[in-house]
Amino acid sequence: MSASTATPDYNAMSDEAFRRDVRTFIEREYPVALRFILHRAHWHEMRGWWGKLHAMGWIAPNWPREHGGMGLDAGKMLIYLEELERYGCARPPDQGITQVGPLIMRFGTEAQKAQYLPRTLSGEYIWCQGYSEPNAGSDLASLQTAAVIDGSEFVINGQKIWTSLADDATHIYLLVRTDKAAKKQQGISFLLVDIKTPGITLRPIRNIAGHGEFCQVFFDNVRVPRDTLVGALNDGWTVAKALLGFERLGIGSPRRPQYALNRLEAVARAKGLLGDPGFADRFIALKLDIEDGAALYGRFVEQVKRGEPLGQDVSMLKIWTMETWQRLTELLIEAGAEQGVIAGVQDVAGVETDFLNPFYYSRPATIYGGSSEIQRNILAKYVLKLPS
C-alpha cells in the first residue's frame, strides 16, 4: 500500500469536520505543561509530541501524501496551524519537515529521498541549518566555509553561527564554497552532513532572554561522502534560493503574531483597555494586519501545494509578518504598563503574561532569514522591476 493510499484525503473533509478532528486530537494528546511556553522548544521536550503526530500521520502537513505527509491544501493548512496556535502548542525542531524535506523531494536523488525522508518524518533525523557565518548573514553569498574534494569525499573547514537548536540536531544542511575562483553566488554547494562526524564542534549561544537557542558550529577537516551533495556541484545557490523561499514561507506563518495577539487581547480584556478608543483602534488595526498576513500566507501555501516554485514575491510575506509581530509585542509592553518592563511572568488582573520575552524574540525577526531592508530591495528589483 502506497503512502498516498494509506493517508486519508483530509482535503475531502469539510472545514468544520477537519477542524473538529484536529482540535480534539490536540486537546487530548498535547502535553498541558508545554502550552504557551516562552522559549524555543528543545527536542527532549517535544519528542513525545512528535511521536504522537508521526503515529497519526500528522507530522508533515506540508508534504505530499506519497511521501508520508498530510497533503493539505492552503485552507486546511491554515486550519491546522490555527488549532496549534489556539492551544499554545510549541514549535518542535521541525526544519527537516518545513525546509530540507521539501528541498530533498525537489533536488535530491532517489537514494537521498529513500535515506532521509522517512527518517526525518520519524524524528530519527533532526535537522539544523548551516547557512549564516560571522561575515555572511543577510549577505549569505559571502560565505567562506569551504569544502575541497579529496577522492570520494568532501573535506570541510570553516564556521557557521546563529545555528538554531544545533545542539538538538542529528544532521545539518550546509552551504559551502567549493570553487573559490567563481563569482560570488557561484561555486557554492549544498551538503547534508551528520553532525556527529569527527571534526564538528558546537558552542551554544544564549540569547538576550537567557535561553540556549543558538550555536556556533566549527568544521575542522570534516570528511563527508560526495553523495551527500544535493543538486549539482557548484550549483548550491540554486538549491539555497529554493530553500530560502521555503524558509520565508515558514517564517511568514501567522503563528508568532497570532500568539502575541492572543496574549495582548487577554491582558487588554483583563485591564479593560478595549474600551479605550485609542487602544482599540491600534488593536483592531493589528488584528486586521494579521488577517491580511494569513490570507497572503495561504496564497503561498497553495502555490507550493500546486508544485510551483516560490518566487521573489514571497519576501513580502516575511516583511509583513515579522514587522506586524514586532508592533504587537510593542503594544503588549505598553498594555502591561509598569509590569510590562519587568522580566519574567507577571500576573495582570489574573492573567499571567511574560511581556518582555515576546518582545526580545521579535527584535531579530526582521534580520534573520534575510533582513527587511534586503527583502525590500529584492521586491523592488525582481518584482516591481524598479531601476537599480
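Quick note: structure is the one above.
Let me begin by describing the structure that accompanies this report. All values reported here derive from a predicted model rather than from experimental measurement.

## Re the overall build of the chain
Moving on, step 1. Counting secondary structure elements, the chain contains twelve helices and ten strands.
Moving on, step 2. Scaling as 2.2 N^0.38, a compact globule of 388 residues should have a C-alpha radius of gyration of about 21 Å, and the chain matches this with 21 Å.
Moving on, step 3. Taken along the three principal axes of its C-alpha coordinates, the chain extends 70 × 50 × 45 Å.
Moving on, step 4. The buried share among the 388 residues of the chain stands at 52%.
Moving on, step 5. Relative to all contacts within the chain whose residues are 6 or more apart in sequence, the contacts with residues 24 or more apart total 73%.
Moving on, step 6. Put simply, the chain shows about 17,200 Å² of open surface, and 53% of that area lies on carbon and sulfur atoms.
Moving on, step 7. Distance from the positive charge centre (43 side chains) to the negative charge centre (45 side chains) of the chain: 3 Å.

## Side note on the pairing of strand β5 (residues 188-194)
Moving on, step 1. Of all seven residues in β5, six are buried, a share of seventy percent or more.
Moving on, step 2. The pairing of strand β4 (residues 171-177) with β5 spans seven bridges and is classified as antiparallel. Residue pairing across strands places Leu174 opposite Leu191, the latter belonging to β5.
Moving on, step 3. In the sheet, β5 pairs with strand β8 (residues 229-230) via two bridges, with the strands oriented antiparallel. Among the inter-strand pairings, Leu191 is bridged to a residue of β8, identified as Leu229.

## Considerations on helix α5 (residues 95-107)
Residues spaced three or four apart along an α-helix face the same direction, because each turn holds 3.6 residues.
Moving on, step 1. Look at α5: 17 Å from first C-alpha to last across 13 residues, which is about the 18 Å you get at 1.5 Å a residue.
Moving on, step 2. Remark: the principal bend of α5, roughly 30°, maps to Gly101, with a proline, Pro102, within the next four residues.
Moving on, step 3. α5 sits mainly inside the fold: ten of its 13 residues count as buried.
Moving on, step 4. What α5 keeps buried is the set Gln95, Gly96, Ile97, Gln99, Val100, Gly101, Pro102, Leu103, Ile104 and Met105.

## Some thoughts on the side chain of Gln129
Moving on, step 1. Position of Gln129 relative to the elements: it lies in strand β1 (residues 127-130).
Moving on, step 2. A distance of 3.1 Å separates a polar atom in the side chain of Gln129 from a polar atom in the side chain of Gln99.
Moving on, step 3. If we ignore the near neighbours within four places in the chain, the residues touching Gln129 are Gln95, Gln99, Thr163, Ile172, Tyr173 and Glu247.

## As for the packing of helix α2 (residues 15-29) against helix α4 (residues 74-87)
Moving on, step 1. Taken N-terminus to C-terminus, the directions of α2 and α4 make an angle of 35°; their axes are 10 Å apart at the nearest point. The handedness of the crossing between α2 and α4 is right-handed. Where α2 abuts α4, its residues Asp15, Phe18, Arg19, Val22, Arg23, Ile26 and Glu27 lie against Lys76, Ile79, Tyr80, Glu82, Glu83, Leu84, Arg86 and Tyr87.
Moving on, step 2. Residues belonging to the contact of α2 with α4 are distributed by class as follows: seven nonpolar, no polar and eight charged.

## Side note on unusual backbone geometry
Moving on, step 1. Phi at Leu165 is positive, roughly 55°, even though this residue is not glycine.
Moving on, step 2. Within the element layout of this structure, Leu165 appears in the loop between β3 (153-160) and β4.
Moving on, step 3. On the accessibility criterion, Leu165 (3% relative accessible area) is buried.
Moving on, step 4. Positive phi values are uncommon outside glycine, yet Asn234 reaches one of about 70°.
Moving on, step 5. Tracing the backbone through its elements, the reader meets Asn234 in the loop between β8 and α7 (236-251).
Moving on, step 6. Overall, the relative accessible area of 28% leaves Asn234 in the partly exposed class.

## Notes on the environment of Asp347
Moving on, step 1. Within the secondary structure layout, Asp347 lies in strand β9 (residues 345-348).
Moving on, step 2. For Asp347, a relative accessible area of 45% gives the class partly exposed.
Moving on, step 3. The sequence separation of Asp347 and Val267 amounts to 80 residues, and the corresponding C-alpha distance is 9.6 Å.
Moving on, step 4. Among all residues touching Asp347, those that are not within four sequence positions of it are Gln339 and Glu352.
Moving on, step 5. A distance of 2.9 Å separates a polar atom in the side chain of Asp347 from the backbone nitrogen of Gly350.

Cut-off values and rules
- Residues numbered from 1 in each chain as written.
- Predicted model: local features only at pLDDT ≥ 70, side-chain atom pairs only at ≥ 80, totals over all residues.
- Heavy atoms only, no water.
- Helix = DSSP H or I, 4+ residues; strand = E, 2+ residues; numbered from the N terminus.
- Rg over C-alpha atoms; globule rule 2.2 N^0.38 Å.
- Buried < 20%, exposed > 50% of the residue type's maximum accessible area, 1.4 Å probe, protein only.
- Contact = heavy atoms within 4.5 Å.
- Areas by Shrake-Rupley, 256 points an atom, 1.4 Å probe, with all protein chains shown as cover.
- Lys, Arg positive; Asp, Glu negative; His and termini not counted.
- Charge placed at Lys NZ, Arg CZ, Asp CG, Glu CD.
- Pairing = 2+ DSSP bridges.
- Expected span 1.5 Å × (residues − 1).
- Bend = angle between axes of the 7 residues up to and from the residue.
- Polar contact = N/O pair within 3.5 Å; in protein donor to acceptor, adjacent residues only side chain to side chain.
- Axes fitted to C-alpha atoms, helices over the stretch in contact; angles between N-to-C directions.
- Left-handed = near helix turned anticlockwise from the far one by under 90°.
- Nonpolar A, V, L, I, M, F, W, Y, C, P; charged D, E, K, R; others polar.

The analysis is restricted to geometry; functional conclusions fall outside its scope.
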